[in-house]
Amino acid sequence: KLHTGQLLSNVAKSSTQMSHDLLTLPAPRTLGEFIKRRRQKLDITKLELANLMKVSYSCVAHYEANARVPQLPKLKKLGRALKVDVKTLVEFVVK
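Model, not experiment: these values are computed from the prediction. (Residues numbered from 1 in each chain as written. Predicted model: local features only at pLDDT ≥ 70, side-chain atom pairs only at ≥ 80, totals over all residues. Heavy atoms only, no water.)

Asker: Just checking my understanding: could you explain helix H5 (residues 72–82) for this structure?
Answerer: Side chains of residues three or four places apart in an α-helix project in the same direction, reflecting 3.6 residues per turn. Considered for burial, the residues of H5 that qualify are Leu75, Leu78, Gly79, Ala81 and Leu82. The buried residues of H5 occupy an angular sector of 165° when projected down its axis, which confines them to one face. Structural note: H5 exposes Pro73 and Arg80 on the side pointing more than 90 degrees away from its buried face. Each element contacted by the buried residues of H5 is listed here: helix H2 (31–41), helix H3 (46–53) and helix H6 (86–93). Backbone geometry just downstream of H5 places Lys83 in the positive-phi region, at approximately 60°. (Buried < 20%, exposed > 50% of the residue type's maximum accessible area, 1.4 Å probe, protein only. Helix = DSSP H or I, 4+ residues; strand = E, 2+ residues; numbered from the N terminus. Arc of directions from axis to C-beta. Contact = heavy atoms within 4.5 Å.)

The following block contains the structure:
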């Protein structure tokens, strides 16, 4: 039987391990993966990102799933919303 102190200690270790695991993720290989990770790092939802870009939720979902590739005007909006240089996003598109 775990005592409250032990339980909290185990939770803290798990939480620390999860943070460590997130820090050691390999570099994103697709634009969708990059968008999702960056959005999560900024702690915003797909809907919030969609609102920032003035596009639909499904549009953002398609970008993250690599089902759709944004054209340059949308890439510019995406860059502003994710606070990254549009060149970073373009590099994924031209791979």
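Asker: Hey, could you run me through the pattern of salt bridges in this one?
Answerer: Close approach of charged atoms lets side chains of opposite charge pair. As enumerated under the stated definition, the model contains two salt bridges in all. With a closest N to O distance of 2.6 Å, Glu33 and Arg37 form a salt bridge. Of this pair, Glu33 and Arg37 both sit in helix H2, four residues apart, which is roughly one turn of the helix. For Glu33, a relative accessible area of 27% corresponds to the partly exposed category. Note on Arg37: relative accessible area 23%, which makes it partly exposed. (Salt bridge = Lys/Arg side-chain N within 4 Å of Asp/Glu carboxyl O.)

Asker: Can you help me understand the nonpolar core in this one?
Answerer: Nonpolar side chains tend toward joint burial in soluble globular proteins. In this structure, Ile35, Leu49, Met53, Leu78 and Leu89 are the most contacted members of the largest nonpolar core, which totals 18 residues. Listing elements by their share of this core, those giving two or more residues are H2, H3, helix H4 (57–64), H5 and H6. Here this core takes four residues from H5, the largest share from any one element. In this structure Leu89 touches Leu31, Phe34, Leu75, Leu78, Gly79 and Val84, once residues within four positions along its chain are discounted. (Core = buried A, V, L, I, M, F, W, Y, C linked by side-chain atoms within 4.5 Å.)

Asker: Honestly, the environment of Glu91 in this entry has me stumped. Any pointers?
Answerer: Here Glu91 shows up in helix H6. With relative accessibility at 52%, the residue Glu91 sits in the exposed group. Distance in space between the C-alpha atoms of Glu91 and Leu31 is 8.7 Å, their sequence separation being 60 residues.

Asker: Whenever I open this one, a positive patch on the surface confuses me. Can you help?
Answerer: On the surface, Lys54, Arg68, Lys74, Lys76, Lys77 and Arg80 cluster together to form a positively charged patch. Looking at Lys74, the relative accessible area reads 30%, which means it is partly exposed. (Patch = residues over 30% accessible without salt bridge, like charges linked within 9 Å, V, L, I, M, F, W, Y side chains within 5 Å. Areas by Shrake-Rupley, 256 points an atom, 1.4 Å probe, with all protein chains shown as cover. Lys, Arg positive; Asp, Glu negative; His and termini not counted. Charge placed at Lys NZ, Arg CZ, Asp CG, Glu CD.)

Asker: Looking at this model, I keep getting lost on unusual backbone geometry. Mind explaining?
Answerer: Trans is the prevailing form of peptide bonds, just as negative phi is the prevailing case for residues other than glycine. The phi torsion at Asp43 lies on the positive side, around 60°, for a residue other than glycine. Unusually for a residue other than glycine, Asn66 sits at a positive phi of about 60°. For Asn66, the position within the fold is in the loop between H4 and H5. By relative accessible area, which is 41% here, Asn66 ends up partly exposed.

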